[in-house]
Amino acid sequence: MAAAAAASIRERQTVALKRMLNFNVPHIKNSTGEPVWKVLIYDRFGQDIISPLLSVKELRDMGITLHLLLHSDRDPIPDVPAVYFVMPTEENIDRMCQDLRNQLYESYYLNFISAISRSKLEDIANAALAASAVTQVAKVFDQYLNFITLEDDMFVLCNQNKELVSYRAINRPDITDTEMETVMDTIVDSLFCFFVTLGAVPIIRCSRGTAAEMVAVKLDKKLRENLRDARNSLFTGDTLGAGQFSFQRPLLVLVDRNIDLATPLHHTWTYQALVHDVLDFHLNRVNLEESSGVENSPAGARPKRKNKKSYDLTPVDKFWQKHKGSPFPEVAESVQQELESYRAQEDEVKRLKSIMGLEGEDEGAISMLSDNTAKLTSAVSSLPELLEKKRLIDLHTNVATAVLEHIKARKLDVYFEYEEKIMSKTTLDKSLLDIISDPDAGTPEDKMRLFLIYYISAQQAPSEADLEQYKKALTDAGCNLNPLQYIKQWKAFAKMASAPTSYGNTTTKPMGLLSRVMNTGSQFVMEGVKNLVLKQQNLPVTRILDNLMEMKSNPETDDYRYFDPKMLRGNDSSVPRNKNPFQEAIVFVVGGGNYIEYQNLIDYIKGKQGKHILYGCSELFNATQFIKQLSQLGQK
């Protein structure tokens, strides 16, 4: 295990960023002396890459005193070096040239997220000459970091321009060839950056006749060209030997979103996927509105403003790491247990505060105490730790409560259970029309999602008469039928292409209502919410990965194309040269992914000793965002 898991993609990208912030010299921990103080200038792309990986405190430890957006009004700071981290776009380069002319900083370290073209590099050189600032431009680097890492084993290509590579963009009926080329080039550029950062050349498999195949062909070509150019190859000895893939190359499975449209619409039951489904959760940060009610206010008073709160759910958060894949009732129970164990320690906190004469102090101020004061007594060292524990408990209490409100208001447990039955072809105990017509069950969107899953999963499409009846019920419930228009066309088309996808046969076992959480002391009133326990079943994406990673023969994946960029002549065959199962794999969904699939892959690989997988997607959407795209596709 140890050799293989040398470094996760998250670590590798973080190390690359730290090296960049250290003027592209490897960052050495515990080197004595102060860091060199500098400013960081990034664009929105750079901001999205850095923010899930480095906190403001970590930036400060690296000597970053200010971090500013490239296109904001910035004052000159003539005696400080500036590190730039931006995309090599026309407007960014114009602005950098302007900075050089205005002599904003002492020296300039220019880092491009993705490779800069020769002509644009010349523009910068000319501007530097004209501003007689040639000596100040210290370094220009291509960083090849054009992707966003969200977890140790999950990445997404882009956030700023995700409309460009969205499911809708790829599946628009009126897309021109040149537009499609742009979309594919954007995806391939980011995937190329990903493999440069990973330090490995993959073996590529993809389904035929899909957007995934177009990505595979282009990526193969780009990797091949880079390997061919030995002098400038980005995959040379020093990066490869140290890589996590020093023994065996990874498998890259390129999957098209169209092989499974049901999962992204599915109501879910695990913590992280639920947070993404019902709350505003984006690049590892969740934004909550805390409603402060209208209690005891005089008649006619305005309701109080809603407080917006945002929380970062990071790998440092132990509770999140442990429970993000757990079924929700389990999470509620664990939050409750944490809370009780903290209450037992609360008296200790009060005692510690009084020893330190900090009774009235704000907790934030205490956590800022530096190590020197912390060494005074052992009492002090345990206080910040306890307060951090309390902060995490409060955070998860708030987030879980917000999720629970949605579950109860929309009967999400009912939807989840019903959809699981549809997807596993189990007999249904209650008719679909009843749920659609039940005014208390969920929002119009919930009903639409349920119906689409039914429609997608049905072996036999419902008869016209039945469909009309469903449509009427959906319209009465306030649903927009545009997504159905698109799914109908999609289904007719997919039927010609292949058999319907099966979702494994699973059932969820209700475990009796949440007996343990029901006791009176609990924060979470879970009455009426079913305690559903998940049985592991593989979703289509996981099944495809399993076939290809374990080299199983299966009609579903037997004709997947095979590319090996290291082979001198690319031969187009679906016959793999390597017959051994893979230890490492990357699954990449062209057209968008979700946390349900991610979680399913994680659960799958847990049972495989010493194997690793990464999940990536061109964009990460929840069902609401996906329905919106389907709706746009369905509008004539």
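Because the structure is predicted, anything quoted here is derived from the model rather than measured.

Some thoughts on the overall build of the chain
In terms of helices and strands, the chain carries 23 helices and 17 strands. For the chain, buried positions account for 51% of its 636 residues. Long-range pairs, those at least 24 residues apart, make up 79% of the contacts in the chain with a sequence separation of at least 6.

A few points about the sheet that holds strand β11 (residues 285–290)
Strands pair in a sheet through their backbones, by hydrogen bonds, and they do so in one of two ways: parallel or antiparallel. A sheet is described by the order of its strands in space; here three strands give the open sequence β10-β11-β12, paired in antiparallel fashion. Of all the strands in the sheet, just β10 (280–282) and β12 (307–312) have a single pairing partner and so form its edges. Taken over all neighbouring pairs, the strand axes of this sheet differ in orientation by 20° on average, direction set aside. Judged from the three bridges that link them, β10 and β11 form a sheet pairing that is antiparallel. Bridging from a neighbouring strand, H282 pairs with R285 of β11.

Some remarks on the packing of helix α4 (residues 90–101) against helix α5 (residues 118–130)
Contact geometry of α4 with α5 gives a least axis separation of 9 Å together with a crossing angle of 15°. In terms of axis orientation, α4 runs roughly parallel to α5. Pair α4 / α5 crosses with right-handed handedness. Mapping the contact onto sequence places E90, I93, C97, L100 and R101 in α4 and K120, D123, I124, A127 and A128 in α5. Residue composition of the contact of α4 with α5, grouped by class: six nonpolar, no polar and four charged.

Digging into unusual backbone geometry
Phi is positive for Q103, which is not a glycine, with a value near 50°. Residue placement: Q103 occurs in the loop between α4 and β4 (105–112). A positive phi angle, close to 45°, is found at L283, a residue other than glycine. Inspection of the secondary structure assignment puts L283 in the loop between β10 and β11.

Looking at the sheet that holds strand β1 (residues 38–42)
Reading across the sheet, the five strands line up as β2-β1-β3-β4-β5 and stay open at both edges, with parallel pairing between neighbours. Of all strands in the sheet, those with a lone pairing partner are β2 (64–69) and β5 (137–142), marking the two edges. Sheet twist, expressed as the average angle between the axes of neighbouring strands with direction ignored, equals 20°. Across four bridges, the pairing between β1 and strand β3 (residues 77–86) is parallel. Bridged to I41 within β3 is Y84. Relative to the sheet, α4 contacts β3, β4 and β5, its axis offset from that of β4 by approximately 165°.

Things to note about the confidence of the model for the chain
Here the chain averages 83 in pLDDT, and 81% of its residues register 70 or above. Low confidence marks residues 238–246, where pLDDT is under 50. Its contacts with residues over four positions away, or in another chain, come to 21 contacts. Confidence drops under a pLDDT of 50 for residues 293–298, and excluding neighbours within four residues, the segment shows three contacts in the predicted structure.

So, the side chain of R449
Within the secondary structure layout, R449 lies in helix α18 (residues 444–457). For R449, a relative accessible area of 0% corresponds to the buried category. Here H266 takes part through its backbone oxygen, which lies 3.2 Å from a polar atom of the side chain of R449. At 2.8 Å, the side chain of R449 and the side chain of D277 are in polar contact. Contact partners of R449, with chain neighbours within four places excluded, come to L265, H266, H267, D277, R410, A623 and I627.

Points about the pattern of salt bridges
Applying the stated criterion across every chain yields a total of 30 salt bridges. For R410, the salt bridge goes to D446, with nearest N and O atoms at 2.8 Å. Residue R410 is found in helix α15 (residues 378–410), and its partner D446 is found in helix α18; the two are separated by 36 residues along the sequence. What makes D446 buried here is its relative accessible area of 0%. Across the pair E468 and K471 runs a salt bridge whose closest N-O atoms are separated by 3.9 Å. Taken together, the residues E468 and K471, both in helix α19 (residues 464–476) and three residues apart, mark about one turn of the helix. Connected through salt bridges with shared partners, the residues D277, R410, D446 and R449 form a single ionic network.

Description of the pairing of strand β8 (residues 203–206)
Burial along β8 is two-sided: the face carrying I203 and R205 and the face carrying I204 and C206 are both buried. Sheet topology places β8 next to strand β9 (residues 251–256); four bridges connect them, and they run parallel. Along β9, the bridge assignment pairs C206 with L254.

Cut-off values and rules
- Residues numbered from 1 in each chain as written.
- Predicted model: local features only at pLDDT ≥ 70, side-chain atom pairs only at ≥ 80, totals over all residues.
- Heavy atoms only, no water.
- Helix = DSSP H or I, 4+ residues; strand = E, 2+ residues; numbered from the N terminus.
- Buried < 20%, exposed > 50% of the residue type's maximum accessible area, 1.4 Å probe, protein only.
- Contact = heavy atoms within 4.5 Å.
- Pairing = 2+ DSSP bridges.
- Axes fitted to C-alpha atoms, helices over the stretch in contact; angles between N-to-C directions.
- Parallel < 35°, antiparallel > 145°, perpendicular 65-115°, else oblique.
- Left-handed = near helix turned anticlockwise from the far one by under 90°.
- Nonpolar A, V, L, I, M, F, W, Y, C, P; charged D, E, K, R; others polar.
- pLDDT = per-residue confidence, 0-100.
- Polar contact = N/O pair within 3.5 Å; in protein donor to acceptor, adjacent residues only side chain to side chain.
- Salt bridge = Lys/Arg side-chain N within 4 Å of Asp/Glu carboxyl O.

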